[in-house]
2 protein chains.
Amino acid sequence: MRQIAHEVGVQAGALYRYTPDKQTLLFDLMRGHMDALLAARAAAAGGVAVFDTPLIRLDEFVRFHIRFHLERPDAVFVSYMELRNLTPENFAALEALRRDYEDQLEVILQSGVAAGEFGLTDTKITTLAIIAMLTGLTTWYREDGRLPLTQIERIYTGLVRGAVGVS
Amino acid sequence: MRQIAHEVGVQAGALYRYTPDKQTLLFDLMRGHMDALLAARAAAAGGVAVFDTPLIRLDEFVRFHIRFHLERPDAVFVSYMELRNLTPENFAALEALRRDYEDQLEVILQSGVAAGEFGLTDTKITTLAIIAMLTGLTTWYREDGRLPLTQIERIYTGLVRGAVGVS
DNA sequence: CATTTAACTGAACATTCGTTCATTTGAAAA
DNA sequence: TTTTCAAATGAACGAATGTTCAGTTAAATG
């Protein structure tokens with residue numbers, strides 16, 4: 001708390017005018033991140049996506065996930081590393097939001113399977129595997145790295161297409 | 001330290017007969033995990049693997065990674081969540097070991113590409129993506145879950161085959 | 001038996017932690 | 001100008017932290 005206060009240019013005690021305690025501060029931060037994720041996702045998928053093919057929607061999801069996560073590395077880092085420091089209730093609340101997000105990918109996979117365009121065994125596991133693969137990007141991506149972001153997006157969409165057995 | 005001592009049935013001070021400090025204890029734990037990973041990998045890949053096709057070696061790597069990580073969830077958890085609490089030197093040492101491991105997968109991918117059996121754009125990124133996908137399994141796998149481990153292994157080998165563009 | 005030696009205790013240390021609160025500050029309202 | 005009031009201070013609290021160490025215990029050694 002003293003460290004946070006210092007970066008904000010204030011004494012530690014002053015923080016308690018804005019949060020009842022440290023746990024709430026952490027939870028609000030993480031829930032804010034998930035809310036932003038779901039809101040951005042809704043905005044991105046809200047347009048004409050319903051009429052697009054499963055493959056187009058899948059590609060769009062991959063690009064969205066990559067962009068969103070790479071744009072806020074700090075929030076992503078906290079949201080993954082501090083999960084264990086949440087109270088059981090707060091953890092459950094966040095897990096529910098995370099599941100909402102995962103479900104959006106799974107729906108795409110299911111529609112792809114239903115349309116006979118994807119060839120995969122299990123939509124639930126494939127969903128989790130894809131998200132883990134995509135989020136892993138945040139641990140090594142550097143802005144001045146070997147490849148530009150557009151190229152990385154192309155590679156990952158290719159990996160995901162292969163994983164879902166697009167024919 | 002007091003918590004660790006309690007679980008071992010000893011006073012906190014007694015731990016310092018076995019470790020010079022907390023940082024060293026953490027590092028030894030994590031390095032021990034990586035040493036075990038590399039040793040187990042060497043044992044698994046040491047046999048006839050050299051004569052096998054890239055695809056067979058890839059499948060074997062996937063099964064190995066899954067098995068090894070699911071058998072020691074605590075060590076995996078610590079090794080991923082406590083990286084940020086290592087000194088820069090200790091962190092660098094562990095990163096080197098991790099890279100050794102990653103390289104073993106990348107070699108498989110390279111040989112698959114060279115043999116014309118895999119169709120992928122970038123072996124380095126594909127390596128990291130696959131490992132992130134596989135390791136993500138440890139965050140949700142439960143022994144009494146919906147699917148048996150052998151089935152999960154089959155699904156993941158399928159996902160990886162698709163990702164590397166096996167034809 | 002006596003002696004050595006290693007393991008462990010338990011208290012203490014200096015910090016650091018999250019949090020509280022009487023007091024001060026300074027701008028807005030009267 | 002005086003009053004009001006929210007924002008922030010800074011000191012203090014109790015508890016927890018990693019670590020040290022003189023002293024106790026008990027097994028191994030002579």
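The structure reproduced in this document is the subject of the present report. (Residues numbered from 1 in each chain as written. Chains lettered and ligands numbered in written order. Predicted model: local features only at pLDDT ≥ 70, side-chain atom pairs only at ≥ 80, totals over all residues. Heavy atoms only, no water.)

Quick look at helix 6 (residues 123-140) of chain B now. Under the 1.5 Å per step criterion, the end-to-end length of helix 6 of chain B is 27 Å for 18 residues, consistent within 8% with the ideal 26 Å. Backbone nitrogen of Lys 124 of chain B and a side-chain oxygen of the N-cap are separated by 3.1 Å at the start of helix 6 of chain B; the cap is Asp 122 of chain B. (Helix = DSSP H or I, 4+ residues; strand = E, 2+ residues; numbered from the N terminus. Expected span 1.5 Å × (residues − 1). Polar contact = N/O pair within 3.5 Å; in protein donor to acceptor, adjacent residues only side chain to side chain.)

Of the transformation placing chain A onto chain B, the axial shift is 0.0 Å and the rotation is 180°, giving an RMSD of 0.1 Å. On the angle and the small slide along the axis, the relation comes out as a two-fold axis. Comparing interface residues between copies, 100% of those in chain A also sit at the interface in chain B, which points to an isologous, same-surface contact. (Least-squares fit on C-alpha atoms with pLDDT ≥ 70 in both. Contact = heavy atoms within 4.5 Å.)

Turning to the pattern of salt bridges, a few remarks are in order. Summed over the entire model, instances satisfying the criterion amount to 20 salt bridges over all chains. Arg 67 of chain B serves as the salt-bridge partner of Glu 153 of chain B, at 2.5 Å between the closest nitrogen and oxygen. Note that Glu 153 of chain B is positioned in helix 7 (residues 149-163) and Arg 67 of chain B in helix 3 (residues 54-71), a separation of 86 residues in sequence. Looking at Arg 67 of chain B, the relative accessible area reads 35%, which means it is partly exposed. Notably, a salt bridge pairs Arg 72 of chain B with Glu 71 of chain B, separated by 3.8 Å at the nearest N-O pair. Among the residues examined, Glu 71 of chain B registers a relative accessible area of 58% and is labelled exposed. Salt bridges sharing partners connect three or more residues here, namely Glu 95, Arg 98, Glu 102 and Lys 124 of chain A. (Salt bridge = Lys/Arg side-chain N within 4 Å of Asp/Glu carboxyl O. Buried < 20%, exposed > 50% of the residue type's maximum accessible area, 1.4 Å probe, protein only.)

Our next topic: the packing of helix 5 (residues 88-114) of chain B against helix 6 of chain B. Residues and elements named next belong to chain B. Taken N-terminus to C-terminus, the directions of helix 5 and helix 6 make an angle of 125°; their axes are 9 Å apart at the nearest point. Of the possible angle classes, the one that applies to helix 5 and helix 6 is oblique. In the packing of helix 5 onto helix 6, the handedness of the crossing is right-handed. Mapping the contact onto sequence places Tyr 101, Glu 102, Asp 103, Leu 105, Glu 106, Leu 109, Gln 110 and Val 113 in helix 5 and Thr 123, Lys 124, Thr 126, Thr 127, Leu 128, Ile 130 and Ile 131 in helix 6. Residue composition of the contact of helix 5 with helix 6, grouped by class: 7 nonpolar, 4 polar and 4 charged. (Axes fitted to C-alpha atoms, helices over the stretch in contact; angles between N-to-C directions. Parallel < 35°, antiparallel > 145°, perpendicular 65-115°, else oblique. Left-handed = near helix turned anticlockwise from the far one by under 90°. Nonpolar A, V, L, I, M, F, W, Y, C, P; charged D, E, K, R; others polar.)

Attention shifts here to the packing of aromatic side chains. Taken as a whole and judged by the stated rule, the model has 4 aromatic pairs over all chains. Above the ring of Phe 64 of chain A, the side-chain terminus of Arg 41 of chain A is found at 5.3 Å from the ring centroid. (Phe/Tyr/Trp six-rings, centres within 6.5 Å; stacked < 30°, edge-to-face > 60°. Lys NZ or Arg CZ within 6 Å of the ring centre and 35° of its normal.)

Right, let's get into the protein's contact with DNA strand C. Near DNA strand C there are 13 residues, and of these Arg 2 and Lys 22 of chain A together with Gln 11, Arg 17 and Tyr 18 of chain B occur at the shortest range. In DNA strand C, atoms within 4 Å of the protein come from the sugar-phosphate backbone in 56% of cases. Within the side chain of Arg 2 of chain A, one N or O atom sits 2.5 Å away from a base oxygen of DNA strand C. Contacts to DNA strand C include Gln 11 of chain B, whose backbone N or O atom sits 2.6 Å from a phosphate oxygen. When the residues that make up the surface near DNA strand C are grouped by side-chain class, the tally is 5 nonpolar, 3 polar and 5 charged. (Near = heavy atom within 4 Å.)

This part is about the protein's contact with DNA strand D. As a matter of local geometry, DNA strand D sits amid 13 residues, with Gln 11, Arg 17 and Tyr 18 of chain A together with Tyr 16 and Lys 22 of chain B nearest to it. Counting only atoms of DNA strand D within 4 Å of the protein, the sugar-phosphate share comes to 55%. Interatomic distance of 3.1 Å between a backbone N/O atom of Met 1 of chain B and a phosphate oxygen of DNA strand D. Taking Tyr 16 of chain B, its side chain carries an N or O atom lying 2.5 Å from a phosphate oxygen of DNA strand D. Here the residues of the surface near DNA strand D are counted per class, giving 5 nonpolar, 3 polar and 5 charged.

All names here are of chain B. Within the element layout of this structure, Thr 19 appears in the loop between helix 1 (2-8) and helix 2 (22-45). Judged by relative accessible area, which is 4%, Thr 19 ranks as buried. Of note is the side chain of Thr 19, whose polar atom sits 2.9 Å from the backbone oxygen of Asp 21. From its side chain, Thr 19 meets the backbone nitrogen of Leu 25 in a polar contact 3.3 Å long. The contact partners of Thr 19, leaving out residues within four places of it in the chain, are Met 1, Thr 24 and Leu 25.

This part covers the interface of chain A and chain B. Counting from both sides, the interface comprises 25 residues of chain A and, opposite them, 25 residues of chain B. Interface area, chain A with chain B, both sides summed: about 2200 Å², of which 69% is carbon and sulfur. When the buried surface of chain A facing chain B is broken down by residue, Arg 84, Ile 125 and Leu 159 of chain A rank first, second and third, together holding 26% of it. At the surface where chain A touches chain B, the tally comes to 4 salt bridges. (Buried area = accessible area lost by both parts, 1.4 Å probe.)

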